[in-house]
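Coordinate inspection notes
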Amino acid sequence: MKKIVLIGACWLLGMHTTVWAQSVNRKKFNQHWQFFLGETAPDAGSQWRNLSLPHDWSIELPFDSTSPTGTGGGALRGGMGWYKKIFTLPAADKDKNIFIDFDGVYRNSEVFINGQSLGVRPNGYISFRYDITPYVKFGNQQNILTVKVDNSQQPNSRWYSGSGIYRNVWLVTTGKAYVANWGTYITTPQVSAQKAIVKVATTISGDNGLCDVVTSIVNQQGKTVASQVQKNVLAANNSITQQFSIAVPILWSLENPYLYNVVTKIVRNGKTSDVYTTPLGIRSFLFDADKGFILNGKPVKIAGVCNHHDLGCLGTAVNYRALERQLQILKGMGINGIRTSHNPPAPELLELCDKMGFVVMDEAFDMWRKSKNKFDYSVDFDGWYKQDLTDQVMRDRNHPSIFMWSIGNEIMEQWAPESEADAVKNIVSSMQQIVKSLDDRPTVTANNEPNAYNRILQSGLTDIIGYNYNHTKWPSDSLYKTWGRKPFIVTESVSALQTRGHYDMPSDSMHIWPKRWDVPLENANPDFTCSAYENCATPWGGTHMQNIQMLLKSKHISGMYVWTGFDYIGEPTPYPWPARSSYFGIVDLAGFPKDAYYLYQSVFTSKAMLHLFPHWNWQPGQTIDMWAYYNQADEVELFINGKSKGIKRKTGDALHVMWRVAFEPGTVKAVSRKNGKVVLTKELKTAGVPAKIELLADRLKINATADDMSFVTVKITDKNGVVVPDAANLVQFNVSGQGTLAGVDNGLQTDLSSFKASSKKAFNGLALAVIQSNGQQGAIVVKASAAGLQDAIITINAQ
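Report follows, based on the coordinates.

About the thresholds
- Residues numbered from 1 in each chain as written.
- Predicted model: local features only at pLDDT ≥ 70, side-chain atom pairs only at ≥ 80, totals over all residues.
- Heavy atoms only, no water.
- Helix = DSSP H or I, 4+ residues; strand = E, 2+ residues; numbered from the N terminus.
- Rg over C-alpha atoms; globule rule 2.2 N^0.38 Å.
- Areas by Shrake-Rupley, 256 points an atom, 1.4 Å probe, with all protein chains shown as cover.
- Lys, Arg positive; Asp, Glu negative; His and termini not counted.
- Charge placed at Lys NZ, Arg CZ, Asp CG, Glu CD.
- Salt bridge = Lys/Arg side-chain N within 4 Å of Asp/Glu carboxyl O.
- Buried < 20%, exposed > 50% of the residue type's maximum accessible area, 1.4 Å probe, protein only.
- Pairing = 2+ DSSP bridges.
- Axes fitted to C-alpha atoms, helices over the stretch in contact; angles between N-to-C directions.
- Parallel < 35°, antiparallel > 145°, perpendicular 65-115°, else oblique.
- Left-handed = near helix turned anticlockwise from the far one by under 90°.
- Contact = heavy atoms within 4.5 Å.
- Nonpolar A, V, L, I, M, F, W, Y, C, P; charged D, E, K, R; others polar.
- Arc of directions from axis to C-beta.
- Polar contact = N/O pair within 3.5 Å; in protein donor to acceptor, adjacent residues only side chain to side chain.
- Patch = residues over 30% accessible without salt bridge, like charges linked within 9 Å, V, L, I, M, F, W, Y side chains within 5 Å.
- Phe/Tyr/Trp six-rings, centres within 6.5 Å; stacked < 30°, edge-to-face > 60°.
- 1 Å grid on protein atoms, 1.4 Å probe; cavity = no way out; pocket = protein on both sides within 12 Å on 5 of 7 lines; lining within 4 Å.
- Points joined across faces, edges and corners; volume = space filled by probe spheres on them.

Glancing now at the overall build of the protein. Along the backbone of the protein there are eight helices and 50 strands. Relative to the globule expectation of 28 Å for 799 residues, the C-alpha radius of gyration of the protein, 27 Å, shows essentially globular dimensions. Each of the three principal axes of the protein carries a C-alpha extent, and together these read 85 × 65 × 60 Å. For the protein, the computed accessible surface area is about 29800 Å², with 50% contributed by carbon and sulfur atoms. Of the side-chain charges in the protein, 79 are positive and 69 negative, and the distance between the mean point of each set is 6 Å.

If you want it as structure tokens, here you go:
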């Protein structure tokens with residue numbers, strides 16, 4: 001076990017790896033399932049519905065004001081569902097081990113094979129494995145795998161959870177000696193540009209026979225850079241450690257997230273019994289109480305976001321491309337960190353963070369013993385937290401993108417009376433011991449109560465101090481006085497509220513909605529919108545600008561994770577029904593950026609940018625506040641129909657410039673300059689009436705696999721191609737060829753039409769159609785039409 005070295009007031013760590021660790025004989029087991037929604041599964045017949053996994057049944061249901069999930073849970077019902085798969089196994093596998101792996105089932109699952117119960121898992125976010133070897137049949141004999149999913153006890157979540165087998169399922173076949181589930185642990189006690197020492201701990205399972213363990217480290221060109229053989233290893237639950245030296249390693253970084261592969265072969269009598277691959281990223285990092293976060297010897301400010309796990313109109317059914325698109329959008333605004341709020345994420349998310357370069361806070365729990373909802377995880381905490389936390393750390397501990405473990409978010413035990421202080425400390429101690437027995441990266445809790453009586457922080461056991469909000473308490477003097485000299489990170493920040501494309505003026509009039517989290521909203525917008533200027537936020541949070549300014553001027557702050565990167569289904573603060581999804585995102589539910597996106601881009605990216613807003617469709621003579629976010633320039637000049645309205649420069653710690661002008665139809669233009677030379681020009685034109693539809697696919701070529709997708713943006717424009725900023729036309733979609741319409745969205749938090757319909761109203765000129773391959777090669781033709789508008793057609797090729 002590699003040590004955490006405490007140097008001064010910092011945690012110093014070496015490298016960890018990415019784990020998309022898996023056996024070579026691990027195959028997706030997602031096709032040809034049957035599903036039934038109801039308390040009792042029927043024996044057979046047409047009541048069962050054929051489908052493929054991953055699957056979220058709640059997203060298919062209508063929004064319902066009477067749903068026991070409440071609007072916090074997205075006003076979509078849970079219930080009880082049954083899944084069944086009939087399959088055969090080749091006779092040649094009779095002498096092998098057969099396992100079934102579930103990446104996540106929400107929630108209270110019980111799995112049966114041929115009538116035999118394999119076990120239950122209450123936690124809807126944890127991954128788990130069952131050994132089905134003793135119960136399966138081979139050759140022509142059929143096997144029946146049945147999964148009962150009980151999400152009927154509501155409310156059990158503060159956000160939209162989804163329901164069902166919403167993550168991937170895998171069938172794993174090995175020889176009698178094999179690498180145990182999550183059976184590799186890779187560390188580097190030494191990392192430099194000249195050399196890295198790599199330690200590979202491998203747990204072997206199987207019978208009592210002997211085997212050889214052959215471990216190789218392979219670079220991206222397929223060249224083996226180190227290799228080692230350990231002979232005559234007893235296979236029965238045995239652990240071995242092998243050490244390697246890599247000369248001039250390519251270090252994993254946010255800019256160049258380079259990955260090696262560690263390939264472990266289990267060999268018996270000259271024959272391969274198992275092959276297990278663990279991708280490897282080599283890097284060193286530390287969290288320092290004075291200097292913040294340092295990666296590979298260089299200071300890095302973590303500009304992160306919190307995200308819930310739903311994928312908008314796709315619900316919680318995990319999709320690799322949808323996750324990749326989200327991360328690409330976030331990278332585009334300069335984000336380099338992800339917090340998996342507030343639960344273990346899908347393995348695919350961590351794989352992508354490894355490949356794309358993100359600093360991940362891997363979070364375990366939203367509550368401990370004290371509940372936030374009547375039927376939440378607090379009901380199962382005492383019986384399951386040790387197993388669930390162990391499984392999470394073992395599954396995820398090799399990912400180079402993970403830099404810390406969060407063992408709790410806004411835990412109610414923060415406010416425990418003094419008489420319960422020891423009990424709270426015991427919980428923290430127990431979880432700290434679990435994490436440290438398995439991995440040495442630092443721990444943190446996300447605390448929205450940072451005062452000295454916080455029972456969790458009082459324990460002094462976690463490695464990093466984490467605050468949610470409370471930006472006036474981030475300065476180091478107050479931190480050190482209260483908690484001693486420890487590294488500090490903002491685990492959650494901002495909670496600003498925005499509706500894409502909506503603007504409340506004047507822009508310097510601040511709206512704090514609601515007055516308190518537990519007080520009903522008063523005097524808000526009757527159309528259930530929030531302003532996309534920096535002038536609408538919650539009382540416990542603040543504006544994006546306030547928090548960015550505090551982050552940038554404080555070296556000791558390792559970084560912050562903004563609430564949230566994307567809007568998500570559920571928790572529609574500040575509004576009640578019919579609002580059903582959040583306003584917190586920097587990007588809306590459909591994946592369309594709000595204006596705050598460009599604020600972050602101006603601060604956290606180096607490529608020259610200029611963003612001018614709002615749109616230019618108003619009443620003649622109306623007073624309009626025009627804002628600009630920009631970088632790589634000294635000044636910005638505004639023109640209306642060719643007439644200058646003045647030059648503005650950011651002063652002090654300002655992050656934008658503004659002009660208060662009178663609207664006149666035509667063109668408004670912003671010009672940024674540096675040293676007198678034009679850097680960028682941006683124009684906004686007054687749009688006419690809606691005339692046509694424009695379709696823009698994020699990818700015109702996709703893979704002919706059953707899960708690849710293209711995300712098609714729908715724009716409602718006037719005859720000149722200018723997007724109409726208030727267009728709300730109902731767009732009908734027709735998809736033909738080798739694909740289907742997987743979902744539709746528009747980013748409007750109060751749209752109660754189905755995400756699975758074949759039509760969607762545009763919101764503020766935009767809508768989204770998600771096109772999914774059916775697994776066959778060929779063209780997918782997407783047609784969009786609306787009454788009175790010119791149709792649009794786009795062709796996507798699956799190949």
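Moving on from the model shown.
Right, let's talk about the pattern of salt bridges for a bit. Taken as a whole and judged by the stated rule, the model has 38 salt bridges. The salt bridge partner of Arg26 is Asp101, with a shortest N-O separation of 3.4 Å. With Arg26 in strand β5 (residues 26-28) and Asp101 in strand β9 (residues 97-102), this pair connects stretches of sequence that are 75 residues apart. Residue Arg26 shares its accessibility class with Asp101, and that shared class is buried. Measuring nitrogen to oxygen at the nearest pair gives 3.5 Å for the salt bridge that ties Arg107 to Asp380. Of this pair, Arg107 sits in the loop between β9 and β10 (109-113) while Asp380 sits in the loop between β27 (359-363) and α3 (381-396), and the two are 273 residues apart along the sequence. You can call Asp380 buried: its relative accessible area is 15%.

Taken in spatial order, the five strands line up as β43-β50-β49-β45-β47 in an open sheet, and their pairing is mixed. Single-partner strands in this sheet number two, and they are β43 (701-702) and β47 (759-761). Alignment of β43 against strand β50 (residues 792-798), held across two bridges, turns out to be parallel. Each residue of the ladder has a partner; that of Ile702, found in β50, is Ala798.

This part covers the pairing of strand β13 (residues 143-151). Counting buried positions along β13 gives seven out of nine residues, so the element sits mostly inside the fold. Across nine bridges, the pairing between strand β8 (residues 79-87) and β13 is antiparallel. Its bridge partner lying in β13, Phe87 is registered against Asn143. Of the pairings in the sheet, the one linking β10 to β13 comprises five bridges and is antiparallel in character. Considered in β13, the bridge of Phe112 is made with Thr146.

A separate point is the packing of helix α1 (residues 320-332) against helix α2 (residues 347-356). The interhelical angle for the contact between α1 and α2, taken along N-to-C directions, is 40°, at an axis separation of 10 Å. By the criterion of interaxial angle, the relationship of α1 to α2 is oblique. In terms of crossing hand, the pair formed by α1 and α2 is right-handed. Counting all contacts with α1, which are made through Tyr320, Leu323, Glu324, Leu327, Gln328 and Lys331, the residues of α2 involved are Glu348, Leu349, Glu351, Leu352, Cys353, Lys355 and Met356. When its residues are assigned to classes, the contact of α1 with α2 shows seven nonpolar, one polar and five charged.

On to the environment of Gly73, then. Looking at the secondary structure, you find Gly73 in the loop between β7 (49-51) and β8. The class of Gly73 is buried, set by a relative accessible area of 6%. Counting along the chain gives 498 residues from Gly73 to Glu571, while the straight-line C-alpha distance between them is 6.6 Å. With residues near it in sequence (within four places) discarded, Gly73 still touches Trp159, Tyr160 and Gly570.

Turning to helix α6 (residues 476-483), a few remarks are in order. Considered for burial, the residues of α6 that qualify are Leu479, Tyr480 and Trp483. End-on, the buried residues of α6 take up no more than an arc of 95°, which puts them together on one face. Across α6 from its buried face, at more than 90 degrees, point the exposed residues Asp477 and Lys481. Where α6 is buried, its residues meet α5 (455-458), β30 (465-468) and β31 (488-494). Count one or two residues on from α6 and you reach Gly484, which has phi positive near 85°.

Now for the side chain of Asn156. Mapped onto the elements of the fold, Asn156 is located in the loop between β13 and β14 (169-174). Among the residues examined, Asn156 registers a relative accessible area of 5% and is labelled buried. At a separation of 2.8 Å, a polar atom in the side chain of Asn156 contacts the side chain of Asn151. Residue contacts for Asn156: discarding those within four places in its chain leaves Tyr106, Arg107, Asn151, Ser161, Asn373, Phe375 and Asp376.

Here we take up a nonpolar patch on the surface. Nonpolar side chains collect at one region of the surface, where Met412, Trp415 and Tyr453 lie side by side and expose about 290 Å² of accessible area between them. Along the chain, Met412 falls in the loop between β28 (402-409) and α4 (421-438). Judged by relative accessible area, which is 32%, Met412 ranks as partly exposed.

Moving on: the pairing of strand β18 (residues 224-234). In this structure, strand β17 (residues 210-218) lies alongside β18, joined through eight bridges in antiparallel fashion. Within the sheet, the bridge partner assigned to Leu210 lies in β18 and is Leu234. From the end of β17 to the start of β18, which pair antiparallel, there are five residues, and Gly222 there has a positive phi angle of about 85°.

On to the packing of aromatic side chains, then. Tallied over the entire structure, the rule returns 37 aromatic pairs. Ring geometry for Phe29 versus Phe87: centroids 5.1 Å apart, planes at 85°, classification edge-to-face. Highlighted residues: Phe29 in the loop between β5 and β6 (33-37) and Phe87 in strand β8, separated in sequence by 58 residues. For the pair formed by Phe29 and Phe87, the shared burial category is buried. Measuring from ring centre to ring centre gives 5.3 Å for Tyr533 and Trp627, while their planes differ by 40°; the resulting arrangement is tilted. With a gap of 94 residues between them, Tyr533 in the loop between β32 (511-512) and β33 (536-537) and Trp627 in strand β36 (residues 623-630) connect regions that are remote in the sequence. Like Tyr533, the residue Trp627 is buried in the burial classification.

Once that is clear, we can look at the layout of surface pockets. There is about 1200 Å³ of room inside the largest pocket. Along its surface, the largest pocket is lined by 40 residues, and Pro593, Tyr598, His611, Val723 and Leu766 are the ones closest to its centre. Looking at the lining of the largest pocket, the elements that each hand over two or more residues are α1, α8 (596-604), β35 (610-613), β41 (677-685), β42 (692-697), β44 (709-717) and β48 (766-773). Tallied by class, the residues present in the lining of the largest pocket amount to 21 nonpolar, nine polar and 10 charged.

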